[in-house]
Amino acid sequence: MSRLRELVEDGQSLIVTGEAPTVDGGDVADFGDRVAEIASWADAVNATDNPAAHAHASNVAVAIALCRHGIEPVLQVVARDKNRIACQADIVGAALHGVENVCCLTGDDVTAGDEPEARRVFDLDGPQLVHVAARLSEGRYLSGRTLDPAPRLFVGAVENPAAPPLEHRAQRAAKKVAAGARFLQLQICYHPRRLERFVHVVHGDGLTERAAVLQTIVLVRNARALSFMDANVPGIDVPAGTIARVREATDPGEAAYQLALEQAEHALSLPGVRGLHITDFRHDGAVSRLCRDLGIPTKEERRANAHRAQLPV
Amino acid sequence: MGVVAVVEHVVKKPVFGCRMCGQCVLHDTGMTCPMTCPKKLRNGPCGGVRENGHCEVEPEMRCVWLKAEHRSRTLPLLPASWRAHFAALRPPVDNRLQGTSSWVNLLSGRDKERPAGWDTAARVEELS
């Protein structure tokens, strides 16, 4: 059973997932060096699927590379680049190598990437992809054809608590959970009140008992990175005041870190949030610093001590 | 395209921007055609909706799903069951039906056909 599934199903342990760095060259050993820091903290690491519509080493290849380093992967599958046949093949192919965790996304549009002239696919949408992955775990392809034995899969999804229509986001998360999602990695959110409202609703509706909510924290170096996300990453809005706070600080790098730390503390203080999903664009040891500042032991320490985080009741 | 399909297109194109997917779900989506979404999503807005409620792909266009969600709640005369259906999981589009008449497909039941593996194991058991 995947460690992520174990943690989600125990209903109380703190969960940390992280994003693997994208791969544009080098070999599996090089990749191991680059993923080592996040892997020492994260219970499972996402093998992304052409994030932000940029081509990189594939999700399945990266997931296998993670396995080879003894790191538990979360296979991200995005509906933008592949039709339903290829999406299923990704999941079943990765399962062949022991990949159990699957995170299903609709995906940014091709226009968000560096090849905006590409054909967009979206043969399935995010909720449909979750549903199809859940059927695969029951031993059936979408066609009805049998998989024998059925692959062992642990399916999750994403949701953006800060994108309009705000009142509808919890309902959309509920649709994905009903389709079979057992964990939800929420998009980075620079609007604390929106996150509070979203989590309050999904927790109140009992969704958090069926799926673990993990809040994404993005570690960036400076205000420029925040402005870039605000302008270029679909669905992410960074308030001008937040950017200014980092830009005008005497030490912008430190201010950017403190912003992430605040976000993480805030997210973990919300009843219903089970943990964090960490994306690191700093590559300066900030992941380790963040976890230490939050009082989160390493993955191995938590495993050895069956660490129980003090989750708010 | 058959005669019925042509008539359907003439009626639905100007009003709903109908794309002739042949498996109409307008009643479930606040009478707003999800096929006018650049990603052709059938199950609600993607996470890329802009702060002003506009589309990630076409910045000048208001998100189709924002409109659908709003109208499914506020459109007068919409039966309660149609409003409730907004939250339902709609299956993937059957791409073979593109260009055919959803009216004919509705009458023949063709638009209700699902891929054999779409139903959950629990549902299959329930049906058998």
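Residues numbered from 1 in each chain as written. Chains lettered and ligands numbered in written order. Predicted model: local features only at pLDDT ≥ 70, side-chain atom pairs only at ≥ 80, totals over all residues.

Colleague: I'd love a proper account of the interface of chain A and chain B, names of residues and values included.
Modeller: At the junction of the two partners, chain A supplies 36 residues and chain B supplies 28 residues. Breaking the side of chain A that touches chain B down by element, the ones donating at least two residues are α5 (126-137), β5 (154-159) and α6 (166-179) of chain A. With six residues, the single largest contributor to the side of chain A that touches chain B is α6(A). When grouped by side-chain class, the residues that make up the side of chain A that touches chain B number 12 nonpolar, 11 polar and 13 charged. (Contact = placed C-beta atoms within 7 Å. Helix = DSSP H or I, 4+ residues; strand = E, 2+ residues; numbered from the N terminus. Nonpolar A, V, L, I, M, F, W, Y, C, P; charged D, E, K, R; others polar.)

Colleague: Run through helix α3 (residues 59-68) of chain A, naming residues and quoting values.
Modeller: Residues and elements named next belong to chain A. Here α3 lies mainly inside the structure; seven of its 10 residues are buried. When α3 is considered as a whole, its buried residues turn out to be Asn59, Val60, Val62, Ala63, Ile64, Ala65 and Leu66. Considering only its buried residues, α3 is in contact with α2 (28-41), β2 (44-47), β3 (73-78) and α4 (84-96). Gly70 sits one or two positions beyond α3 and adopts a positive phi of about 75 degrees. (Buried ≥ 20, exposed ≤ 12 C-beta atoms within 10 Å, placed from the backbone.)

Colleague: Which residues make up the sheet that holds strand β8 (residues 273-280) of chain A, and what are the values?
Modeller: Residue and element names in this part refer to chain A. Pairing is parallel in the closed barrel, where eight strands are placed in the order β1-β2-β3-β4-β5-β6-β7-β8. Averaged over all neighbouring strand pairs, the angle between strand axes comes to 30 degrees, with direction disregarded. Both strand β6 (residues 183-186) and strand β7 (residues 212-219) contribute to a ladder of four bridges, which runs parallel. For Gln185, the partnering residue across the bridge sits in β7 and is Leu214. Here α4 sits on the sheet in contact with β3 and β4 (101-105), set at roughly 170 degrees to β3. (Pairing = 2+ DSSP bridges. Axes fitted to C-alpha atoms, helices over the stretch in contact; angles between N-to-C directions.)

Colleague: Any chance you could break down the packing of helix α9 (residues 223-232) of chain A against helix α10 (residues 240-247) of chain A for me, citing the residues and the numbers?
Modeller: All names here are of chain A. Direction vectors running N to C along α9 and α10 enclose 160 degrees, while the axes themselves pass 8 Å from each other. Considering the angle they form, α9 stands roughly antiparallel to α10. Crossing hand, α9 versus α10: left-handed. Between α9, through Ala223, Leu226, Ser227 and Asp230, and α10, the contact on the second element is made entirely by Thr242, Ile243, Val246 and Arg247. (Parallel < 35°, antiparallel > 145°, perpendicular 65-115°, else oblique. Left-handed = near helix turned anticlockwise from the far one by under 90°.)

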